[in-house]
Amino acid sequence: MSLNGTRGFLYWLARLLGDVNAVRRGRIGRRVARRAAGKATGRGLGRLFR
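Cut-off values and rules
- Residues numbered from 1 in each chain as written.
- Predicted model: local features only at pLDDT ≥ 70, side-chain atom pairs only at ≥ 80, totals over all residues.
- Heavy atoms only, no water.
- Helix = DSSP H or I, 4+ residues; strand = E, 2+ residues; numbered from the N terminus.
- Expected span 1.5 Å × (residues − 1).
- Patch = residues over 30% accessible without salt bridge, like charges linked within 9 Å, V, L, I, M, F, W, Y side chains within 5 Å.
- Areas by Shrake-Rupley, 256 points an atom, 1.4 Å probe, with all protein chains shown as cover.
- Salt bridge = Lys/Arg side-chain N within 4 Å of Asp/Glu carboxyl O.
- Lys, Arg positive; Asp, Glu negative; His and termini not counted.
- Charge placed at Lys NZ, Arg CZ, Asp CG, Glu CD.
- Buried < 20%, exposed > 50% of the residue type's maximum accessible area, 1.4 Å probe, protein only.

Caption draft 1: A look at helix α1 (residues 3-25). Taking 1.5 Å per residue as the helical rise, α1 with its 23 residues ought to reach 33 Å, and the 33 Å between its terminal C-alpha atoms agrees with that figure. Of the residues one or two after α1, G26 is the one with positive phi, at around 75°.

Right, dumping it as structure tokens:
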């Protein structure tokens, strides 16, 4: 596996563990909202700096 593949896997695993932790603490709605906001912000910045 390449370095990029390994890094991608680790980021995926961290996201998954964060989701599990949010479910255990009962804060999944807050996490979903923040993730959606972050994704929208990233898309907007990507369009701005294209």
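Caption draft 2: Just a positive patch on the surface, in detail. Positive charge collects at one region of the surface, where R15, K39, R43, R47 and R50 lie side by side. Examining the composition of the positive patch, we find that three residues originate from one element, helix α2 (residues 28-48), more than from any other. Of note, R15 is situated in helix α1. The class for R15 is partly exposed, based on a relative accessible area of 41%.

Caption draft 3: Region of the structure containing a nonpolar patch on the surface. Nonpolar side chains collect at one region of the surface, where M1, F9, L10, W12, L16 and V20 lie side by side and expose about 650 Å² of accessible area between them. Along the chain, L10 falls in helix α1. Overall, the relative accessible area of 49% leaves L10 in the partly exposed class.

Caption draft 4: Region of interest: the environment of R43. Relative to the helices and strands, R43 resides in helix α2. Looking at R43, the relative accessible area reads 52%, which means it is exposed. Remark: the alpha-carbon pair of R43 and I28, spanning 15 residues in sequence, is separated by 23 Å.

Caption draft 5: Just the pattern of salt bridges, in detail. Enumeration according to the criterion identifies two salt bridges in this entry. For R31, the salt bridge goes to D19, with nearest N and O atoms at 2.5 Å. Note that R31 is positioned in helix α2 and D19 in helix α1, a separation of 12 residues in sequence. Among the charged side chains, a network of salt bridges with common partners joins D19, R31 and R35.

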